[in-house]
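Chain by chain, the residues run as shown.
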Amino acid sequence: FSKYVPPGSIVLEAMGQPPEGPRNGPSPAARPYGTCDAKDGLQSVSFMAPDSSVVTVVLNCFNMDFDYAILDQGFKIVLNIPARSIQTVLHQRPLFAESFHESA
């Protein structure tokens, strides 16, 4: 997925809702790197590229397909991610969104 995150991109603050039920499994550090299970639910990270486009990477640790939405300044994208998969979503910010300018 990193090929879609150009140099100079910044990580955006995400506000997600955790899956229902307690997260009582082992801590991620106690498992082999790169593994997840249904207790980890749906995970994501978003980046804003210098051209103001947004890259969101979504990891579905559930053992079932899952519907989710990306909300960005009133703009909504509804998607479905297959069980135990990863997706990269690219979208342009709405025209009224502030432009990103990398500081020198």
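Everything quoted here is computed from the prediction, not taken from an experiment. (Residues numbered from 1 in each chain as written. Predicted model: local features only at pLDDT ≥ 70, side-chain atom pairs only at ≥ 80, totals over all residues. Heavy atoms only, no water.)

Draft legend 1. Region of the structure containing the pairing of strand β3 (residues 53–60). Judged by how many residues are buried, β3 sits mostly within the fold: 7 of 8 residues are covered. As defined by bridge partners, strand β2 (residues 42–48) adjoins β3 across 7 bridges and the pair is classed as antiparallel. Among the inter-strand pairings, glutamine 43 is bridged to a residue of β3, identified as leucine 59. The loop that links β2 with its antiparallel partner β3 comprises 4 residues; one of these, serine 52, has a positive phi angle of about 75 degrees. Bridge count for β3 against strand β6 (residues 85–92) is 8 bridges, and the pairing is antiparallel. Bridge assignment links threonine 56 to a residue of β6, and that residue is valine 89. (Buried < 20%, exposed > 50% of the residue type's maximum accessible area, 1.4 Å probe, protein only. Helix = DSSP H or I, 4+ residues; strand = E, 2+ residues; numbered from the N terminus. Pairing = 2+ DSSP bridges.)

Draft legend 2. View of the side chain of serine 85. Relative to the elements of secondary structure, serine 85 occurs in strand β6. The residues contacting serine 85, other than those within four sequence positions of it, are Val58, Leu59 and Asn60. (Contact = heavy atoms within 4.5 Å.)

Draft legend 3. How the structure looks around the nonpolar core. Ranked by size, the top nonpolar core spans 6 residues in total: Val58, Tyr68, Ile70, Ile77, Ile81 and Val89. At the level of elements, β4 (66–72) and β5 (75–81) are the ones that each hand at least two residues to this core. (Core = buried A, V, L, I, M, F, W, Y, C linked by side-chain atoms within 4.5 Å.)

Draft legend 4. View of the confidence of the model for the protein. Residues with a pLDDT of 70 or more make up 71% of the protein, whose mean pLDDT is 80. Looking over the protein, one finds the lowest element-wise mean pLDDT in β4, namely 90, and the highest in strand β1 (residues 10–12), namely 94. Note that pLDDT drops below 50 for residues 99–104; the model gives that stretch 8 contacts with residues more than four away or on any other chain. (pLDDT = per-residue confidence, 0-100.)

Draft legend 5. The packing of aromatic side chains, seen in detail. Tallied over the entire structure, the rule returns 1 aromatic pair. Ring centres 5.0 Å apart and planes at 20 degrees place the aromatic pair phenylalanine 62 and phenylalanine 66 in the stacked group. Residue phenylalanine 62 is classed as buried on the basis of its relative accessible area of 11%. Phenylalanine 66 sits in the partly exposed class, given a relative accessible area of 25%. (Phe/Tyr/Trp six-rings, centres within 6.5 Å; stacked < 30°, edge-to-face > 60°.)

Draft legend 6. Here's a closer look at the pairing of β5. In the sheet, β4 pairs with β5 via 7 bridges, with the strands oriented antiparallel. Note that in β5 the partner of aspartate 72 across the bridge is phenylalanine 75.

Draft legend 7. Fine view of the environment of valine 45. Within the fold, valine 45 resides in strand β2. The exposure class assigned to valine 45 is partly exposed, which follows from its relative accessible area of 28%. Sequence separation between valine 45 and alanine 14 is 31 residues, and the spatial gap between their C-alpha atoms is 7.1 Å. Once residues lying within four places of it in the same chain are set aside, the contact partners of valine 45 are Val11, Val55, Thr56 and Val57.

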